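One letter stands for each residue in the lines below.
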Number of protein chains: 2
Amino acid sequence: MKATIDCYFDFSSSYSYIGMHRMRRLAQSREVDLNWRPIALGAIFKALSHGPPDSGTPKGAYLRRDVERTAEFHGLPYVWPEPFPFNSIAAARAFHHLDADDGERAIEWALAVFDAAYAQGRDCSDPAQLAAVATDLGLDGQSLMNAAGSDEAKQRLRSETDAAMERGVFGAPTFFLDAEMYWGEDRIGQIERALEGGGA
Amino acid sequence: MKATIDCYFDFSSSYSYIGMHRMRRLAQSREVDLNWRPIALGAIFKALSHGPPDSGTPKGAYLRRDVERTAEFHGLPYVWPEPFPFNSIAAARAFHHLDADDGERAIEWALAVFDAAYAQGRDCSDPAQLAAVATDLGLDGQSLMNAAGSDEAKQRLRSETDAAMERGVFGAPTFFLDAEMYWGEDRIGQIERALEGGGA
């Protein structure tokens with residue numbers, strides 16, 4: 001049976017951008033399905049009373065450099081979106097709205113949002129920017145933004161976020177292969193090894 | 001010119017155990033010198049008001065699993081020392097005492113302490129255990145423990161820890177190749193790439 005990896009990520013997480021691109025490459029070279037699950041990481045941080053380190057701390061300063069170097073290491077373009085971090089709720093709700101009808105379309109959306117934010121530095125908290133991204137994909141940008149504001153889309157994002165937290169997710173990206181949890185793009189090598197072994 | 005990598009680590013850091021073994025393998029296959037620098041990570045955590053997550057949190061629980069899985073991934077034995085974390089000050093001071101006279105001997109000591117803690121699960125905060133580790137290396141265990149308590153050894157550990165913090169170290173292991181800082185054993189692949197490129 002083809003393995004499925006549940007991928008929890010947040011559009012406002014640089015390591016999620018890197019991690020999801022790496023997972024796509026992995027899925028292109030192996031028999032594995034990816035289940036793309038954008039979540040509201042901020043809600044999880046709030047519930048767990050933690051968050052990313054302040055950029056003024058030694059760790060915060062290092063992580064900025066690490067993100068840039070890690071993107072380059074994996075051959076991905078990288079610029080800092082302005083502002084950063086950004087409110088990723090509308091982008092995530094739009095994903096879940098699209099995903100309800102057409103999973104492939106939703107993945108195109110996710111990739112386009114990541115590209116707009118981290119390759120072009122655009123503000124993907126801004127509905128006008130998101131509508132423009134949608135239009136470039138051949139979608140009706142204004143309709144998508146309206147749908148992202150619907151109760152249904154809000155409820156989907158909330159459910160996905162709650163489900164992630166129940167599974168132990170505390171950061172992003174986080175991947176599940178069967179019951180085994182892997183936090184961080186730097187654990188993808190371990191996922192590959194587990195797939196070779198035929199299990200987690 | 002042969003590159004030198006400054007390696008800051010703490011004996012009470014599981015990822016330092018994994019990281020220093022990985023760095024040794026790297027140094028065996030490449031033209032690079034390692035500068036082993038045990039530090040008092042607890043003092044840095046205190047100065048920066050941060051520390052490892054509580055084992056009762058989702059992140060703390062995950063990291064326990066991640067340590068075990070990552071050690072296995074790299075073919076290293078792993079058991080949890082009892083207690084964990086442990087006070088690693090005496091082991092680090094003994095290292096710096098040995099290192100003042102004989103760098104190779106100090107590295108043997110470091111490897112023996114890591115082995116006692118993470119392959120055998122022994123309590124390396126206990127002077128009696130440390131003396132036994134020293135005796136197994138052909139050293140005079142009691143003399144080494146006495147020397148580890150000297151003002152000179154204390155001062156060396158303090159200086160190394162201060163120097164690390166001044167360079168931006170906030171966790172362990174942390175590696176420097178020239179001015180470039182790499183935090184975590186999972187960044188060793190990036191160090192390898194930098195060595196291939198002939199620089200950081």
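Figured I'd write up the structure that's included with this text. (Residues numbered from 1 in each chain as written. Chains lettered and ligands numbered in written order. Predicted model: local features only at pLDDT ≥ 70, side-chain atom pairs only at ≥ 80, totals over all residues. Heavy atoms only, no water.)

On to the sheet that holds strand S3 (residues 174–177) of chain A, then. Residues and elements named next belong to chain A. If you trace the four strands from one edge of the open sheet to the other, you get S2-S1-S3-S4, paired in mixed fashion. If you trace the sheet from one side to the other, it starts and ends with strand S2 (32–38) and strand S4 (180–183), each paired once. Strand-to-strand twist of the sheet, defined as the mean angle between neighbouring strand axes without regard to direction, takes the value 20°. As paired elements, S3 and S4 share four bridges and run antiparallel to each other. Bridge assignment links Thr-174 to a residue of S4, and that residue is Trp-183. (Pairing = 2+ DSSP bridges. Helix = DSSP H or I, 4+ residues; strand = E, 2+ residues; numbered from the N terminus. Axes fitted to C-alpha atoms, helices over the stretch in contact; angles between N-to-C directions.)

Rotating chain B by 180° and moving it 0.0 Å along the rotation axis overlays it on chain A with an RMSD of 0.0 Å. Taken together, these values place the two copies in the relation of a two-fold axis. Relative to the rotation axis, the C-alpha of Asp-186 of chain B is the closest in chain B, positioned 3.2 Å from it. When the interface residues of chain B are mapped onto chain A, 100% of them again lie at the interface, so the same face is used by both copies. (Least-squares fit on C-alpha atoms with pLDDT ≥ 70 in both. Contact = heavy atoms within 4.5 Å.)

Residues and elements named next belong to chain B. Contact pair helix H1 (residues 14–29) / helix H5 (residues 103–119): the axes reach a minimum separation of 11 Å and the direction vectors enclose 135°. The angle between the axes of H1 and H5 places the two elements in the oblique class. H5 is crossed by H1, and the crossing has left-handed handedness. Each of Ser-14, Ser-16, Tyr-17, Met-20, His-21 and Arg-24 in H1 lies in contact with H5, whose residues at this interface are Leu-111, Phe-114 and Tyr-118. Its residues placed into classes, the contact of H1 with H5 shows five nonpolar, three polar and one charged. (Parallel < 35°, antiparallel > 145°, perpendicular 65-115°, else oblique. Left-handed = near helix turned anticlockwise from the far one by under 90°. Nonpolar A, V, L, I, M, F, W, Y, C, P; charged D, E, K, R; others polar.)

Moving on: the packing of aromatic side chains. Here the structure, examined in full by the defined rule, presents 35 aromatic pairs over all chains. A ring pair is formed by Trp-183 of chain A and Tyr-62 of chain B, whose centres lie 6.3 Å apart and whose planes are at 85°; its orientation type is edge-to-face. Of this pair, Trp-183 of chain A sits in strand S4 while Tyr-62 of chain B sits in helix H3 (residues 58–73), on two different chains. A relative accessible area of 6% means that Tyr-62 of chain B is categorised as buried. Each ring, one from Phe-86 of chain B and one from Tyr-118 of chain B, has its centre 6.4 Å from the other, and the planes form 45°; the classification is tilted. Here Phe-86 of chain B is found in the loop between H3 and helix H4 (89–101), whereas its partner Tyr-118 of chain B is found in helix H5, with 32 residues between them in sequence. In this structure Phe-86 of chain B comes out as buried when scored by relative accessible area, which is 7%. (Phe/Tyr/Trp six-rings, centres within 6.5 Å; stacked < 30°, edge-to-face > 60°. Buried < 20%, exposed > 50% of the residue type's maximum accessible area, 1.4 Å probe, protein only.)

Okay, the interface of chain B and chain A next. On the chain A side, the residues contacting the 24 residues of chain B number 24 residues. When chain B packs against chain A, the two sides together hide about 2200 Å² of surface, and 53% of this comes from carbon and sulfur. Of all residues in chain B, the largest losses of buried area upon contact with chain A belong to Tyr-62, Phe-73 and Arg-187 of chain B, amounting jointly to 27% of the total for that side. At the junction of chain B with chain A, the criterion picks out ten salt bridges. The partner of Glu-180 of chain B in a salt bridge is Arg-65 of chain A, and the shortest N-O contact between them spans 2.7 Å. Put simply, chain B and chain A have 20 residue pairs in polar contact (both at pLDDT 80 or more) between them. Here the side of chain B that touches chain A gets nine residues from one element, more than from any other, and that element is H3 of chain B. Its residues assigned to classes, the side of chain B that touches chain A comprises ten nonpolar, five polar and nine charged. (Buried area = accessible area lost by both parts, 1.4 Å probe. Salt bridge = Lys/Arg side-chain N within 4 Å of Asp/Glu carboxyl O. Polar contact = N/O pair within 3.5 Å; in protein donor to acceptor, adjacent residues only side chain to side chain.)

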